[in-house]
Amino acid sequence: MRKFVAASAYIPQATDTLAIGRLLIAQAVIKFSLYDYRSALDKSLTAARLYEQCNAFNYAFDSYEKALGYAMMLDLNDTLPSILNKMGQFVQFSPQGERCYQADCLNVAINTQDTVAAKEILSALSTVEIDYSLAIEMLRGFLMLEDYERANIIFPAIEEPEGMVNRLKYWAVAVRLAEDQQDYKHALDYFAVYDSLRETHDQLRLTQELQFSEERHLNELQVTQLKERNHFNIAIGICISLLILCGLIIALLRLRAMKAQKLLAEKSLGEAQIKAELDAVTLENTRLEANNLHMRLTAMEGELETLQSAKESQKIQADEVNDLLRNRIDILNALLQQPMLAAGDSRKSLRSSLDAIIQEDKAFIEHTRKAYEKAYPRFYAYLKDHDLTPKEISYACLYLMGIRGFEIGEMTGDTRHYHVNSTIRKKLGLGTRDANLDKTLQKLFFHLYPRRK
């Protein structure tokens, strides 16, 4: 008993399905001996399902038969048909399955008081050779049907069986038969035997329960003591681990302090190097800004020559355009006459000069487009009808004035002026063999606005 109680608390997890099933059946038998019929039923049903999964149908039949017996002891009559149905599925796989199945069917009919089923089963068994496994259940069936004549024929051939449950059934039948024959003296004697067995059965059950409770209490006490011992060992282990951890933390802090000092020294050296590199980069950027400004001013000189030439050659320009050209030439002259900034000047001064030129360029481009829109509406409408965007129309007006593509690129700061040129040509329907864009635009312009003679 002590081993069983200990095993119930520390059962190892089996991995083989058959092994698990056998373990459950063994536990069910022990639970039955302890009169714990509910646990015995649950374990038997679980084992039967496991046997089904691994196709061990003979074991499944035996497990369901045990479960049927436990269910009848618990008077769970509602569950009996379902268990019996399962047994019927696997009866062919058990060597003694048919005989056991017949006895079980009769037993279920008696427990559920199904007289019709009991009559059918007893009629079928009348042609079968009767052994002890059927005799007790047949007697109980005849008594339920009140067929005392046939019961009296079978009873004398049966000896008192072994096993407490079967003995109780035997003497209960004997009492019923003696009462039917009005042999009350023997009926009283039989009842005394039955009552004695019943009392012994109850005492054994109570003793087993008390013994099991005592063994479980002892086992739980041992488990508690073991847990306390484990907790103490764990506490000692935690303390030792904390001491080791504290030592490691102190060592790591010291190492980190040494590394921090080294990093501070390296950081100071690195900052000095970075400052020197930043000063060099700043100086280089300033030089580049000065070069950009110089290049832009050089481009402006070319633009100035172009605009002066355009002003002198295109005498038919409208007043708005002439005023625009004159104003632009004055602005370029003013910018070019300013003292040239050297590379050593501050980046802020260089950037300020470039920003002033860029703002003037943007204003000039926008004013050029608006001036042509006002002075030459047919030319402007022609470009707009060919889906040119405002930016592309501005480019076309600058081309018409004689400003070259790279100069326009310098004005706008857009290195993609070649792509704009190509887009305008496509929208105006010009092929690769057609004239340059500036010549095409001049031809279109003088077609819309002929020269004055």
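What you see is a predicted model, and the numbers here were worked out from it, not measured in a lab.

**Q** How do you make sense of the pattern of salt bridges when you look at a structure like this?
**A** Opposite charge on two side chains lets them pair, provided their charged atoms get close. The tally for this structure, following the rule as stated, stands at six salt bridges. Salt-bridge contacts for Asp36 lead to Lys31; the nearest nitrogen and oxygen are separated by 3.9 Å. The structure contains a network of salt bridges with shared partners spanning Glu366, Arg369 and Lys370.

**Q** I keep staring at the packing of helix α14 (residues 377-385) against helix α18 (residues 437-448) and nothing clicks. Help me out?
**A** Two quantities define a packed helix pair, namely the angle between the helix axes and the distance between the axes. Where α14 contacts α18, the two axes come as close as 9 Å, and the packing angle between them is 130 degrees. Judged by the inter-axis angle, α14 sits oblique to α18. Taken as a pair, α14 and α18 cross one another with a handedness that is right-handed. Across the interface between the two elements, Arg378, Phe379, Tyr382 and Leu383 of α14 pack against Leu441, Leu444, Phe445 and Leu448 of α18. In terms of residue class, the contact of α14 with α18 is made up of seven nonpolar, no polar and one charged.

**Q** Please explain the environment of Ala60 as it appears in this structure.
**A** Summarising the element assignment, Ala60 is placed in helix α4 (residues 57-73). Since its relative accessible area comes to 0%, Ala60 is described here as buried. Once the C-alpha coordinates of Ala60 and Gln89 are considered, the two residues, 29 residues apart in sequence, prove to be 9.9 Å apart.

**Q** Teacher, can you tell me more about a nonpolar patch on the surface here?
**A** Residues Ile234, Ile238, Leu242, Leu245, Ile249 and Leu253 make up a contiguous nonpolar surface patch of roughly 540 Å² in combined accessible area. In this structure, Ile249 sits in helix α11 (residues 184-313).

**Q** What should I look at first to understand the packing of aromatic side chains in this one?
**A** The relative placement of two aromatic rings is captured by the distance of their centres and the angle of their planes. Across all of its chains, the model carries twelve aromatic pairs by this definition. Taken together, a centroid distance of 4.9 Å and an interplanar angle of 40 degrees make the contact between Phe57 and Phe93 tilted. With a gap of 36 residues between them, Phe57 in helix α4 and Phe93 in the loop between α5 (80-90) and α6 (97-111) connect regions that are remote in the sequence. Among the residues examined, Phe93 registers a relative accessible area of 40% and is labelled partly exposed. The interplanar angle of 35 degrees and the centroid separation of 5.4 Å between the aromatic rings of Phe445 and Tyr449 together place this pair among those described as tilted. We note that Phe445, like Tyr449, is buried. Aromatic ring contacts, followed pair by pair, group Tyr372, Tyr376, Phe379, Phe445, Phe446 and Tyr449 into a single cluster. Of note, Arg378 hangs over the ring of Tyr449, and the distance from its end group to the ring centre comes to 4.4 Å.

Analysis parameters
- Residues numbered from 1 in each chain as written.
- Predicted model: local features only at pLDDT ≥ 70, side-chain atom pairs only at ≥ 80, totals over all residues.
- Heavy atoms only, no water.
- Salt bridge = Lys/Arg side-chain N within 4 Å of Asp/Glu carboxyl O.
- Axes fitted to C-alpha atoms, helices over the stretch in contact; angles between N-to-C directions.
- Helix = DSSP H or I, 4+ residues; strand = E, 2+ residues; numbered from the N terminus.
- Parallel < 35°, antiparallel > 145°, perpendicular 65-115°, else oblique.
- Left-handed = near helix turned anticlockwise from the far one by under 90°.
- Contact = heavy atoms within 4.5 Å.
- Nonpolar A, V, L, I, M, F, W, Y, C, P; charged D, E, K, R; others polar.
- Buried < 20%, exposed > 50% of the residue type's maximum accessible area, 1.4 Å probe, protein only.
- Patch = residues over 30% accessible without salt bridge, like charges linked within 9 Å, V, L, I, M, F, W, Y side chains within 5 Å.
- Areas by Shrake-Rupley, 256 points an atom, 1.4 Å probe, with all protein chains shown as cover.
- Phe/Tyr/Trp six-rings, centres within 6.5 Å; stacked < 30°, edge-to-face > 60°.
- Lys NZ or Arg CZ within 6 Å of the ring centre and 35° of its normal.

Take it as geometry only, folks, not as evidence of what the structure does.
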